[in-house]
Amino acid sequence: MSEALGATETGTGARRRRNPLTIVLSVLIGLGVLVAVFFIADGIARGVAERRVAEEIVAQLPHGVVASPSVHIGGTSVIAQYLGGRFEDVTVSAPDAVVDGIPADVTLQANGFPVDTTQPVDTLTGTVTLSEDALNTLVERTAPNSAVQLGSGELSYAAEASFFGFTVGYRVTGELQAAGDSVLVTPTGAEVTAGGGSLDVGRLVDLIVGSEPISVCTAQYLPVGIQVSGIDVVPGSATVRLEAHDLVLNDDTLGTLGSCAP
């Protein structure tokens with residue numbers, strides 16, 4: 001009887017002692033399940049947040065602007081970023097944007113985007129790309145009978161002037177340089193394209209154009225705090241690069257346009 005009892009106790013003790021490897025595997029599997037659940041939840045949260053931001057952007061587009069933006073929230077866990085009060089990287093892409101009838105490819109990237117929208121974004125950068133046709137449509141509205149051609153790193157435009165009763169057409173070529181609240185156009189050449197008869201008006205065109213950079217104000221088209229940081233010109237299209245720091249993104253700031261010093 002005592003031998004049977006001893007055997008039973010020995011069996012029970014054996015059953016109570018678990019293999020250390022089994023314990024480790026159980027813990028690892030449990031942690032793996034928790035990590036998987038976290039990443040699934042984080043992925044769902046990321047998708048929901050991106051759709052919500054895109055919907056908010058569309059709802060707040062000003063009159064005359066049509067776009068179907070896509071939003072990507074980068075960085076580590078969206079949940080962790082939200083709890084930390086700031087998203088590392090938010091990118092908004094609208095390749096099919098139309099602004100007052102002018103098609104444009106727009107991309108904006110915000111680094112340090114606050115959950116509390118009354119706080120400023122650390123850095124905001126963006127690009128706006130216009131085709132040559134779109135740019136000429138815009139030019140025609142403000143300077144009829146002018147035409148722009150885009151080359152490698154330079155732009156040329158056509159214009160007309162009157163000299164001694166003659167109407168002379170000419171084309172000026174210039175290089176573009178970003179200057180914060182304006183764009184500088186430095187003439188690199190000019191030629192007569194039509195008119196003038198037998199007059200040598202080439203020198204007169206040079207005098208009109210000059211050699212000093214021409215400043216074109218861009219601040220009047222952009223919200224206060226956003227500046228032009230660069231311009232890339234290639235045949236057929238031009239890309240304007242924008243930049244801002246410590247900018248609060250709300251109706252007041254985005255609805256207030258800048259101005260250039262007289």
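In this text, all values refer to a predicted model and were calculated from it rather than measured experimentally.

A. Region of the structure containing the pattern of salt bridges. The final tally for this structure, using the stated rule, is two salt bridges. Across the salt bridge formed by Arg-86 and Asp-122, the nearest N and O atoms sit 3.3 Å from each other. Within this pair, whereas Arg-86 is found in strand β3 (residues 86–99), its partner Asp-122 is found in strand β5 (residues 121–131), the two being separated by 36 residues in sequence. Owing to a relative accessible area of 31%, Arg-86 belongs among the partly exposed residues under this scheme. Given the relative accessible area of 37%, Asp-122 is considered partly exposed. Between Asp-232 and Arg-241 there is a salt bridge whose closest N-O contact spans 3.1 Å. In this structure Asp-232 comes out as partly exposed when scored by relative accessible area, which is 36%.

B. Spatial organisation of the pairing of strand β8 (residues 166–178). Both β8 and strand β9 (residues 182–194) contribute to a ladder of ten bridges, which runs antiparallel. Each bridged residue has a counterpart across the sheet, and for Glu-175 the counterpart in β9 is Thr-186. If you look at the hairpin formed by β8 and β9, you'll find three residues sitting between the two strands, and Gly-180 has a positive phi there, around 75°.

C. Quick peek at the environment of Gly-126. Mapped onto the fold, Gly-126 is located in strand β5. In the structure, Gly-126 is positioned 35 residues away from Thr-91 in sequence and 9.3 Å away in space, judged by C-alpha atoms. The residues contacting Gly-126, other than those within four sequence positions of it, are Thr-107, Leu-108, Val-240, Arg-241 and Leu-242.

D. Representation of empty space enclosed by the protein. Per the stated rule, a full pass over the model turns up one cavity of 30 Å³ or more. For the largest cavity, the calculated volume is near 30 Å³. When its residues are assigned to classes, the lining of the largest cavity shows six nonpolar, two polar and no charged.

E. Molecular detail of the nonpolar core. If you look at the biggest cluster of nonpolar residues, it comprises 22 residues, and the most contacted ones within it are Leu-124, Leu-135, Val-148, Leu-150, Ile-226 and Val-228. Of all the secondary structure elements, the ones that give two or more residues to this core are β4 (102–114), β5, α4 (132–142), β6 (148–150), β11 (227–234) and β12 (237–247). It is β12 that contributes the most residues to this core, four residues altogether. Both domains that meet at this core, namely domain 1 (29–119) and domain 2 (132–242), each give it at least three residues. In contact with Val-228, other than residues within four places in its own chain, are Ala-178, Ala-179, Gly-180, Val-183, Thr-218, Leu-222, Val-240, Arg-241 and Leu-242. Grouped together as the second largest cluster of nonpolar side chains are eight residues, Ile-73, Val-78, Phe-87 and Val-90 included.

Cut-offs applied
Residues numbered from 1 in each chain as written. Predicted model: local features only at pLDDT ≥ 70, side-chain atom pairs only at ≥ 80, totals over all residues. Heavy atoms only, no water. Salt bridge = Lys/Arg side-chain N within 4 Å of Asp/Glu carboxyl O. Helix = DSSP H or I, 4+ residues; strand = E, 2+ residues; numbered from the N terminus. Buried < 20%, exposed > 50% of the residue type's maximum accessible area, 1.4 Å probe, protein only. Pairing = 2+ DSSP bridges. Contact = heavy atoms within 4.5 Å. 1 Å grid on protein atoms, 1.4 Å probe; cavity = no way out; pocket = protein on both sides within 12 Å on 5 of 7 lines; lining within 4 Å. Points joined across faces, edges and corners; volume = space filled by probe spheres on them. Nonpolar A, V, L, I, M, F, W, Y, C, P; charged D, E, K, R; others polar. Core = buried A, V, L, I, M, F, W, Y, C linked by side-chain atoms within 4.5 Å. Domains from an automatic or database assignment.

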